[in-house]
Amino acid sequence: MGHADNPAGSKGQPDPGGQSHDLPAVVDLVILGGGVMGLWAAVKAERLGVRTLLVDAGRLGQGASGGLLGALMPHMPDKWNDKKQFQFDALLSLEAEIAGIEAATGMTCGYRRCGRLIPLPKPHLRTIALRHSQDAETCWHQHDRHFHWHVVDRAPYEGWPDASFAEAGLVHDTFAARVSPRGLIAALAASLRPARHVRIVEGLGAERIDPERNRVIFEGGESVAFGHCIVAAGHQSFPLLGHISPPLPRPLGQAVKGQAALLRADVDPALPVIFLNGLYVVAHEGGHVAVGSTSEDAFEDAASTDGLLDDLIARARALVPALREAPVVERWAGLRPKAVDRDPMVGPHPDHHKVIALTGGFKVSFGLAHKLAEAALGPVNGQEMPLPDSFSLESHLAAAAR
């Protein structure tokens, strides 16, 4: 699809904010939300030449996408299905996608296929891990690339983690990776600065979608008519989509609070991610290690950190000797979108086909967003990309109706 150069007039530059945002009367595509999902959708729309307006209620990436952790973890290799295959393919293709963004912008996204270590504190866990090792040999490959789920007796890196946590050995997964969330967000945003087809507006929240008139109404009364609307506004997507759906006994999704911390430590940035009982320890460039994260369904203050994060930091210090004296340089909290059926929520609304969901990534958004964005753009460019059935908005609507 081709359109006149920069029809909306700002070449991808963020608006400074203010009373009036001088919105275009109509665009082919409105993307609501400038987190990792919305940014990838905008990048892909720019490549397709789709006249697009990307609107965020705050600043690009300031919500859940602006976190610290960046762990890119595959599903367990057992009981293989279409969902696990989709995630495997997405995690593998992300490597080239990020390389392309880095080449276009000259920026680094902090990506590295570093692998993962999972301590095995009990003998029965080793037995299970050995079964998964064979599953990985069967499923974790594409063309000439093979990845492994090795079961080893001791950590390949002294003290990463402490041997007392791995009495039955460890899993060494060679497929897992990590990325700098803020680095990737900044690079995606930078890639849109010279955009010919995408305009960015920040500081403007969507109040509601009028699917009968194909129009988004924003706070303050401004509105835009659209050919299609992709709803990628994180947890705010759920009420926007719920408003245009039949009454449901359950909400389409919820905000889940996560807390994480960044420590300064002189460790090799190539070290594998460590995962143990919900705790992630992720070495990044620049002498930093991220630890996290909590998953809180109930909370009083979305932006505050508290004793739950203190406990995570204490667990990380016990797990990794190199962190025991490491100073905390940042504490972070944010709200992640968990759809009613937990899987990502992607695709057209069954009653309003011009409105398309792109949300609900919860803990997997950074690994899948580039592929989910392509799928969300399918109805826009007439090139449908199949997704696992459980990802569809229709599937989540059915779950919320039960």
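Keep in mind the model is a prediction, meaning the values are calculated, not measured.

What should I look at first to understand unusual backbone geometry in this one?
Glycine aside, residues mostly have negative phi, and peptide bonds are mostly found in the trans state. In this structure, the amide linkage connecting W160 to the following residue, P161, adopts the cis form with an omega of 5°. Checked against the element boundaries, P161 lands in the loop between strand 7 (149-152) and strand 8 (170-173). Put simply, G292 and S293 share a cis peptide bond, and its omega is -10°. With respect to the helices and strands, the residue S293 is situated in the loop between strand 17 (288-292) and helix 6 (307-319). The phi dihedral of H143 is positive, around 55°, even though this residue is not glycine. Residue position: H143 is located in the loop between strand 5 (141-142) and strand 6 (145-146). Positioned with a positive phi, N277 is a non-glycine residue whose angle comes to about 50°. Structurally, N277 is set in the loop between strand 15 (273-276) and strand 16 (279-284).

Is there a simple way to explain the confidence of the model for the chain in this structure?
Low-pLDDT portions of the prediction should not be read for the details of their coordinates. On average, the chain scores 94 in pLDDT, and the residues at 70 or more come to 95%. Scored below 50 in pLDDT, residues 1-18 makes 44 contacts in the model with residues more than four places away or belonging to other chains.

Whenever I open this one, the layout of surface pockets confuses me. Can you help?
Leftover empty space is mapped by rolling, across the atoms, a probe with the size of a water molecule. Estimated volume of the second largest pocket: approximately 250 Å³. Forming the boundary of the second largest pocket are 13 residues, of which S180, L262, H284, E285 and H288 lie nearest the centre. In terms of residue count, helix 4 (residues 181-191) provides more of the lining of the second largest pocket than any other element does, three residues in total. Along the lines of polarity and charge, the residues of the lining of the second largest pocket split into four nonpolar, seven polar and two charged.

I keep staring at the packing of aromatic side chains and nothing clicks. Help me out?
Aromatic ring pairs are described here by two measures, namely the spacing of the ring centres and the angle between the planes. Going through the model one piece at a time under the given rule, you end up with eight aromatic pairs. On the basis of an interplanar angle of 50° and a centroid distance of 4.7 Å, the ring pair of F147 and F175 is categorised as tilted. Of this pair, F147 sits in the loop between strand 6 and strand 7 while F175 sits in the loop between strand 8 and strand 9 (177-178); the two residues are 28 residues apart in sequence, bridging distant segments of the chain. For the pair formed by F147 and F175, the shared burial category is buried.

Just checking my understanding: could you explain helix 4 for this structure?
For an α-helix, 3.6 residues make a turn, and residues three or four places apart therefore share a direction. Burial analysis of helix 4 places nine of its 11 residues in the buried class, which makes it a mostly covered element. Among the residues of helix 4, P181, G183, L184, I185, A187, L188, A189, A190 and S191 are the ones counted as buried. Contacts from the buried residues of helix 4 go to helix 1 (36-48), helix 2 (82-105) and helix 7 (365-381).

Honestly, the environment of V43 in this entry has me stumped. Any pointers?
Relative to the assigned elements, V43 resides in helix 1. The spacing of V43 and L192 is 149 residues in sequence and 6.7 Å in space, taken between C-alpha atoms.

Quick question: what am I supposed to make of the sheet that holds strand 4 (residues 116-119) here?
What holds strands together in a sheet is hydrogen bonding between their backbones, with the strands either parallel or antiparallel. Strand order in this open sheet of eight strands is 7-8-4-15-16-17-14-18, and the pairing throughout is mixed. A single partner strand is all that each edge strand has here, and the edge strands are strand 7 and strand 18 (328-339). With strand direction ignored, the average angle separating the axes of adjacent strands in the sheet is 20°. Looking at chain direction, strand 7 and strand 8 are connected through four bridges and run antiparallel. Its bridge partner lying in strand 8, V152 is registered against L170. Against the sheet, helix 3 (residues 123-139) touches strand 7 and strand 8, its axis set at about 145° to strand 7. Relative to strand 14 (residues 253-264), helix 6 is tilted by about 45°, and along the sheet it contacts strand 4, strand 14, strand 15, strand 16, strand 17 and strand 18.

Help me out: how do you make sense of the packing of helix 2 against helix 7 in this one?
To characterise two packed helices, one gives the angle between the axes of the helices and the distance between these axes. Where helix 2 contacts helix 7, the axes come no closer than 8 Å and their chain directions differ by 95°. As far as their axial angle goes, helix 7 and helix 2 are roughly perpendicular. Taking contact as the criterion, the partners of F86, Q87, A90, L91, S93, L94 and E97 in helix 2 are, on helix 7, F366, G367, L368, H370, K371, L372 and E374. Across the contact of helix 2 with helix 7, the residue classes break down as seven nonpolar, four polar and three charged.

What is the right way to look at the side chain of T294 in this model?
Locating T294 in the fold gives a position in the loop between strand 17 and helix 6. There is a polar contact of 2.9 Å between the side chain of T294 and the backbone nitrogen of Q259. In terms of polar contacts, T294 uses its side chain to reach the side chain of E296, at 2.6 Å. Residues contacting T294, with those up to four places away along its chain left out, are K257, G258, Q259, L308, L312 and R336.

Would you mind going over the pattern of salt bridges with me for this structure?
Pairing is possible between side chains that carry opposite charge, provided their charged atoms lie close to one another. Tallying each qualifying case throughout the model produces 19 salt bridges. Between K84 and D78 there is a salt bridge, with the nearest N and O atoms lying 3.3 Å from each other. On the basis of relative accessibility, which here comes to 12%, the residue K84 falls in the buried class. Classification of D78 by relative accessible area gives buried; the value is 17%. Notably, a salt bridge pairs K83 with D343, separated by 3.1 Å at the nearest N-O pair. In this pair, K83 sits in helix 2 while D343 sits in the loop between strand 18 and strand 19 (345-348), placing the two residues 260 residues apart along the sequence. Judged by its relative accessible area of 23%, K83 falls in the partly exposed class.

The rules behind the values
- Residues numbered from 1 in each chain as written.
- Predicted model: local features only at pLDDT ≥ 70, side-chain atom pairs only at ≥ 80, totals over all residues.
- Heavy atoms only, no water.
- Helix = DSSP H or I, 4+ residues; strand = E, 2+ residues; numbered from the N terminus.
- pLDDT = per-residue confidence, 0-100.
- Contact = heavy atoms within 4.5 Å.
- 1 Å grid on protein atoms, 1.4 Å probe; cavity = no way out; pocket = protein on both sides within 12 Å on 5 of 7 lines; lining within 4 Å.
- Points joined across faces, edges and corners; volume = space filled by probe spheres on them.
- Nonpolar A, V, L, I, M, F, W, Y, C, P; charged D, E, K, R; others polar.
- Phe/Tyr/Trp six-rings, centres within 6.5 Å; stacked < 30°, edge-to-face > 60°.
- Buried < 20%, exposed > 50% of the residue type's maximum accessible area, 1.4 Å probe, protein only.
- Pairing = 2+ DSSP bridges.
- Axes fitted to C-alpha atoms, helices over the stretch in contact; angles between N-to-C directions.
- Parallel < 35°, antiparallel > 145°, perpendicular 65-115°, else oblique.
- Polar contact = N/O pair within 3.5 Å; in protein donor to acceptor, adjacent residues only side chain to side chain.
- Salt bridge = Lys/Arg side-chain N within 4 Å of Asp/Glu carboxyl O.

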